[in-house]
Structures are given as structure tokens and as C-alpha cells.
Amino acid sequence: MADEKKLTQIEIDNLIDETINLSILSKLLELNLITNKEFYTLKEKIKNFY
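Rules behind the numbers
- Residues numbered from 1 in each chain as written.
- Predicted model: local features only at pLDDT ≥ 70, side-chain atom pairs only at ≥ 80, totals over all residues.
- Heavy atoms only, no water.
- Helix = DSSP H or I, 4+ residues; strand = E, 2+ residues; numbered from the N terminus.
- Buried < 20%, exposed > 50% of the residue type's maximum accessible area, 1.4 Å probe, protein only.
- Areas by Shrake-Rupley, 256 points an atom, 1.4 Å probe, with all protein chains shown as cover.
- Expected span 1.5 Å × (residues − 1).
- Contact = heavy atoms within 4.5 Å.

(A) Region of the structure containing the overall build of the chain. Helices and strands together make up the secondary structure of the chain, namely two helices and zero strands. Once the C-alpha set of the chain is aligned to its principal axes, its extents read approximately 45 × 20 × 15 Å. Considering the chain as a whole, with its 50 residues, one finds that 12% of them fall into the buried category. Surface accessibility of the chain: about 4500 Å² in total, with carbon and sulfur atoms responsible for 58%.

As C-alpha cells, this is what we get:
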């Protein structure tokens, strides 16, 4: 248990933001509003942003 890391509020906020953004992308893909290529490109940009 000594190796557990406590997240800061900024880290928690970033995780929430990233999750929301990825969820939106998934929904756009599901609705065929973006292509698979666009999905993976945007997903990488989101991952790199956080």
C-alpha cells in the first residue's frame, strides 16, 4: 500500500476531461459523424494533450 499515489485535484480534473472527450469521440464515431481514421487521430491528440 505504500506505493499508492494520491492524485492531485488537477490530475483528477484532467482524467475526467480526457474521459469526457474520449466519450464524445466514441459517440461521434458511433453516429458515423467521423471516420475511424479521424477518431484515432483525434484520440491521439487528446491523449497527448493530457
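Next comes the rest of the write-up.
(B) Quick look at the environment of I24. Among the structural elements, I24 can be located in helix 1 (residues 9–30). Under the relative-accessibility criterion, I24 is labelled partly exposed at 46%. C-alpha of I24 to C-alpha of N14: the two residues are ten residues apart in sequence and 15 Å apart in space.

(C) Structural context of helix 1. Taking 1.5 Å of rise per residue, 22 residues should cover 32 Å, and helix 1 covers 31 Å from first to last C-alpha, within 8% of that figure. Lining the buried residues of helix 1 we find helix 2 (36–49). N32 lies just past helix 1 and shows a positive phi near 60°.

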